[in-house]
Each structure stands twice: as structure tokens, then as C-alpha cells.
Amino acid sequence: MITRIWHGITEAKHADEYLKYVEDTGLSDYKKVDGNLSAKLLRRIEGNICHFLTVTEWDSYEDIKKFAGNDFERARYYPDDKKYLLEFEEHVSHYETFQY
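Given the structure is predicted, the values throughout are model-derived calculations rather than measurements.

(A) Inspection of the side chain of Thr97 at higher detail. In this structure, Thr97 sits in the segment after β4 (93-96). Reaching out from Thr97, the side chain makes a polar contact with the side chain of Thr3 at a distance of 2.4 Å. Looking at Thr97, its side chain comes within polar contact range of the main-chain oxygen of Tyr95, at 3.2 Å. Those residues in contact with Thr97 that sit more than four places away from it in its chain are Met1, Ile2, Thr3 and Glu57.

(B) Summary view of the side chain of Arg4. Inspection of the secondary structure assignment puts Arg4 in strand β1 (residues 2-11). Buried Arg4, no salt bridge; nearest opposite-charge side chain is Glu73, N-O distance 8.3 Å. Here the side chain of Arg4 touches Arg74 through a polar contact of 3.3 Å, landing on its backbone oxygen.

(C) Representation of the pattern of salt bridges. Overall, the coordinates contain 11 salt bridges when judged by the stated rule. Arg44 serves as the salt-bridge partner of Glu46, at 3.1 Å between the closest nitrogen and oxygen. On the basis of relative accessibility, which here comes to 39%, the residue Glu46 falls in the partly exposed class. The exposure class of Arg44 is partly exposed, given its relative accessible area of 45%. When salt bridges with common partners are traced through the structure, they connect Asp29, Lys32 and Arg76 into a single cluster.

(D) Inspection of the sheet that holds strand β3 (residues 49-58) at higher detail. With antiparallel pairing, the 4 strands of this open sheet are ordered in space as β2-β3-β1-β4. On the outer flanks of this sheet lie β2 (36-46) and β4, each paired with one strand and no other. When strand polarity is set aside, the average angle formed by the axes of neighbouring strands in this sheet is 20°. When β1 meets β4, the two strands line up antiparallel, connected through 4 bridges. Note that in β4 the partner of Ile2 across the bridge is Glu96. Taken strand by strand, helix α1 (residues 15-31) contacts β1, β2 and β3, and its axis lies near 165° from that of β2. In the packing of helix α2 (residues 61-68) onto the sheet, contacts are made with β1, β3 and β4, and the angle to β1 comes to roughly 35°.

Each value, and the rule that gives it
Residues numbered from 1 in each chain as written. Predicted model: local features only at pLDDT ≥ 70, side-chain atom pairs only at ≥ 80, totals over all residues. Heavy atoms only, no water. Helix = DSSP H or I, 4+ residues; strand = E, 2+ residues; numbered from the N terminus. Polar contact = N/O pair within 3.5 Å; in protein donor to acceptor, adjacent residues only side chain to side chain. Contact = heavy atoms within 4.5 Å. Buried < 20%, exposed > 50% of the residue type's maximum accessible area, 1.4 Å probe, protein only. Lys, Arg positive; Asp, Glu negative; His and termini not counted. Salt bridge = Lys/Arg side-chain N within 4 Å of Asp/Glu carboxyl O. Pairing = 2+ DSSP bridges. Axes fitted to C-alpha atoms, helices over the stretch in contact; angles between N-to-C directions.

Geometric values such as these leave the question of function open.
Rendered as C-alpha cells:
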């Protein structure tokens, strides 16, 4: 199993609006891809900014490519992300995942 983690930052005042946006775009799209095992969204507000993490689990790197394309280590963004995000991290992180 492979875990894919993306990180983004918004202004805290947009935290609820961006949460809904990510649910409607990225999280919705993850669920449509064969090989996606789970999708979680984490949020932490620190003063005037809000951190978001999407944590998804996949059967394989090939399944991740169905969502992210061949350059699967690059972050995938949606058109309205530019309304909310304070920066655009170029890459996501992938981890081999072991369950016991």
C-alpha cells in the first residue's frame, strides 16, 4: 500500500470555504479512482493561517497515476485553488505503508 500526502496553506478566514471546496473536488475525485483505498482531510488552524493535508491510501503507484498522471510526484491542483492557497507546493510525498 502507498500513502500519498499533499500539504496546502490558506488564510484561516477561508478555512471552512476551502474545506468544502476540497471535499467537492479532490476528495470526490479520489473516490472515483480504482485502487484508491481511503481519503482523509486534516486541518489545523494556527493564528491567521490554516494547514490542510490530504492523506490518501492506494493499492499501488500505478493506481496513483490514474489520478495524478505519469508525473505522479507532482501536486495536482484545481482551477479555484488559486483563490485560496497562499503557496503551491510542487510535489507531494509518498510512503510505503505497512499495516499490522
